[in-house]
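For reference, the chains in residue letters:
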Amino acid sequence: MNYNWNWAVLFQEPYLGWLLSGLQWTLLVAIAAWVIAFVVGSTIGILRTVPNRLVRTLAAAYVELFRNIPLLVQLFVWYFVVPELLPEDLGLWVKRDMPNPEYVTAVVALGAYTAARVAEQVRSGIQTIRKDLVNAGLAIGLTPLQTYLYIRLPISYRIIVPPLTSEFLTIFKNSSLALTIGVLELTAQARQIENYTFQGFEAFTAATVLYLVITLLVVLLMRLIDQKTRIPGSVGAN
């Protein structure tokens, strides 16, 4: 049985528009979720290294909760369960009147999930810094907060650029799960093209190529950032 390839269908309307729209929504979901993941993850990661045991425990609880529950389950919980737990008026607004509830839910769920992973990268980066550097900062009169601002964080973020690159790539790939709650991102649009044209191989090949282009551009960007911020004398430095 021979398959009749028909690449031309991808350049016809509305299918080309669907692919471009799906690419746009993929970028919007992933980038917005990354902002949440980076800010929240950095905060949680820092809190995991503070002297206060209660604060460290709460931060660790966040990491274990969001990191160990499958992302698909979290998406369903945010979309179907959380609105029911809110006060009635607020819950109705979230379900019926909030603009783009599927998009907002996908961004929040993906951002909260990835934040737990980013937090572990930030924590490990901070804990790799030698204590004598921190002690030297304290000796010259820096407060504990200032040691974070001027010593721990500037060094640790430069160390963890490679693992953060992996998390940034993962967030683009995980954005495909947003189709399960109705976001018409790239994978959802490829499925829609398949349903309308029965050209599934072409549709998913195009989606695969677009995902590959995105990830290659991210890798290139993060590699440039790594080269610019790499600490001289560290592992892998030229």
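Residues numbered from 1 in each chain as written. Predicted model: local features only at pLDDT ≥ 70, side-chain atom pairs only at ≥ 80, totals over all residues. Heavy atoms only, no water.

Student: Which residues make up the pattern of salt bridges, and what values do they have?
Tutor: Counting across every chain of the model gives eight salt bridges. Salt-bridge contacts for R67 lead to E120; the nearest nitrogen and oxygen are separated by 3.7 Å. Separated by 53 residues along the polypeptide, R67 in helix α2 (residues 53–68) and E120 in helix α5 (residues 101–127) bring together distant segments of the chain. For D226, the salt bridge is made with R230, and the minimal N-O distance between the two is 2.7 Å. Residues joined in a network through salt bridges with shared partners are R48, E64, R67, E120 and R123. (Salt bridge = Lys/Arg side-chain N within 4 Å of Asp/Glu carboxyl O. Helix = DSSP H or I, 4+ residues; strand = E, 2+ residues; numbered from the N terminus.)

Student: Could you give an account of the side chain of Q199, with specific residues and numbers?
Tutor: By secondary structure assignment, the location of Q199 is in the loop between α9 (186–197) and α10 (200–229). Residue classification places Q199 among the buried residues on the basis of a relative accessible area of 14%. Among the polar contacts listed, one links the side chain of Q199 to the side chain of E202, at a separation of 2.8 Å. (Buried < 20%, exposed > 50% of the residue type's maximum accessible area, 1.4 Å probe, protein only. Polar contact = N/O pair within 3.5 Å; in protein donor to acceptor, adjacent residues only side chain to side chain.)

Student: Which residues make up the UniProt feature "domain: ABC transmembrane type-1" (unreviewed entry) in the protein, and what values go with them?
Tutor: UniProt's feature table lists "domain: ABC transmembrane type-1" (unreviewed entry) at residues 23–222, given in the numbering used throughout. This span, residues 23–222, is 84% helix and 0% strand, and a straight line between its end C-alpha atoms measures 21 Å. (UniProt positions renumbered as here; feature names shortened; annotations may be inferred.)

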